[in-house]
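Below are the chains, spelled out letter by letter.
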Amino acid sequence: MSKQTVFQGVTVAQQVLIDYWKRLRDGAGCVPRDAIDPGELRSMLASISIVQFDDSGDGRFRIAGSRLRDIFGMEARGRRVADVIGEHGDAFSLGLSVALERRAPVGGVIEQTDGMHAWLRLPLMDSSGQLTMVLCHDELLSSRRFVVPNGGQTGAVHTSPPRAAA
């Protein structure tokens, strides 16, 4: 991986997850899915999902934590990303392809009428060594006080004004 600065996260949970991901990188800067130890992420498993893309570019939830039901209003595991529709669906899909293209973490915060959606996307290699998976961390925050000051100083931080549910 190049020496470019990597997105550092905007919440404490994002920072912990990015630090863990960085420790697992191989010489080319990639993290194999099999290297992830769920025990290391125990405190944040409810907010974690893994999306895998097929050859056509269609993404499907391989794993979806229980808090994603709160975000999407449905069980996401096994579903196509395109089928996860709802107030937070657009926010979720932010960064999926960018993380794979950059081979690096991307994330940010989206301000919404009822709080904030902090999102993080981390690229992962599948068992054949291809970057086809993205480890995602999504959390709904009640206020900006949960965002770390100067968090994510560099990288792809996305903020947007509040928006009404469709």
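The residue numbering used here restarts from 1 in each chain and proceeds along that chain's sequence as written. Local features in a predicted model are, by the rule used here, given only for residues with pLDDT of at least 70; side-chain atom pairs are given and counted only at 80 or more, and totals for whole chains, interfaces and linings are based on all residues. Working from all heavy atoms in the structure, the side-chain values ignore hydrogens and water.

### Remarks on the overall build of the protein
Helix and strand definitions here come from DSSP, where helices need a minimum of 4 consecutive H or I residues and strands a minimum of 2 consecutive E residues; each element is numbered from the N-terminal end. A tally of helices and strands in the protein yields four helices and five strands. Only protein chains enter the accessibility calculation, which uses a 1.4 Å probe. A residue is then buried if its area is under 20% of the maximum for its type, exposed if over 50%, and partly exposed in between. The proportion of buried residues among the 166 residues of the protein is 45%. Contacts were defined at the residue level, with two residues in contact if any of their heavy atoms lie within 4.5 Å. If you take every contact in the protein between residues at least 6 apart in sequence, the share linking residues at least 24 apart comes to 55%. Surface exposure of the protein reaches about 8,400 Å², of which carbon and sulfur atoms provide 48%. To measure how exposed things are, a 1.4 Å probe is used in the Shrake-Rupley method; for residues, cover is taken only from the protein chains shown.

### Considerations on the side chain of glutamine 14
Relative to the assigned elements, glutamine 14 resides in helix H1 (residues 12-24). What makes glutamine 14 buried here is its relative accessible area of 0%. Among the polar contacts listed, one links the side chain of glutamine 14 to the backbone oxygen of tryptophan 119, at a separation of 2.9 Å. Counting of polar contacts relies on pairs of N or O atoms within 3.5 Å, with two restrictions inside protein: one atom must be capable of donating a hydrogen and the other of accepting it, and residues adjacent in sequence are counted only when both atoms are side-chain atoms.

### Some details on the environment of isoleucine 110
Structurally, the position occupied by isoleucine 110 is in strand E3 (residues 106-112). Note on isoleucine 110: relative accessible area 2%, which makes it buried. Remark: the alpha-carbon pair of isoleucine 110 and leucine 140, spanning 30 residues in sequence, is separated by 9.6 Å.

### Looking at the side chain of histidine 117
Inspection of the secondary structure puts histidine 117 in strand E4 (residues 115-125). The class for histidine 117 is buried, based on a relative accessible area of 0%. One polar contact links histidine 117 to aspartate 138, side chain to side chain, over a distance of 2.7 Å.

### Considerations on unusual backbone geometry
One non-glycine residue, arginine 103, lies in the positive phi region at around 60°. Within the secondary structure, arginine 103 is located in the loop between helix H4 (96-102) and E3.

### Looking at the pairing of strand E2 (residues 59-64)
The pairing of strand E1 (residues 48-53) with E2 spans five bridges and is antiparallel. Counted as the bridge partner of isoleucine 50 is isoleucine 63 from E2. When DSSP finds two or more bridges between a pair of strands, those strands are recorded as paired. In sequence, E1 turns back onto E2 through a hairpin of five residues, with glycine 57 there showing a positive phi of about 90°.

### Thoughts on the sheet that holds strand E5 (residues 131-141)
With antiparallel pairing, the five strands of this open sheet are ordered in space as E2-E1-E5-E4-E3. Edge strands, defined here as strands with exactly one partner in the open sheet, are E2 and E3. Neighbour-to-neighbour, the strand axes of the sheet open up by a mean angle of 25°, direction not taken into account. Fitted lines through C-alpha atoms serve as axes, helices being fitted only where they are in contact, and the angles separating the N-to-C directions of these axes extend from 0 to 180 degrees.

### Things to note about the nonpolar core
We define a nonpolar core as any set of buried Ala, Val, Leu, Ile, Met, Phe, Trp, Tyr and Cys residues linked to one another through side-chain atoms lying within 4.5 Å. Within the largest apolar cluster, 21 residues are counted, with the highest numbers of intra-cluster contacts made by Leu17, Ile36, Leu41, Leu122, Leu124 and Leu135. When residues of this core are traced back to their parent elements, those giving at least two are H1, E1, E4 and E5. Element by element, the count of residues in this core is highest for E4, at five residues. For leucine 122, the residues in contact, after removing those within four places along its chain, are Leu17, Ile18, Trp21, Ala99, Pro105, Met133, Val134 and Leu135. Among the nonpolar cores identified, the runner-up in size contains 14 residues, and Ala64, Phe72, Val84 and Leu100 belong to it.

### Section: the pattern of salt bridges
The term salt bridge refers to a side-chain nitrogen of Lys or Arg lying within 4 Å of a carboxyl oxygen of Asp or Glu. Counted under the stated rule, the structure contains four salt bridges. With its nearest N and O atoms 3.5 Å apart, the salt bridge here joins aspartate 83 to arginine 80. Classification of arginine 80 by relative accessible area gives partly exposed; the value is 28%. The residue arginine 121 makes a salt bridge to aspartate 138 at a minimum N-O spacing of 3.0 Å. With arginine 121 in strand E4 and aspartate 138 in strand E5, this pair connects stretches of sequence that are 17 residues apart.

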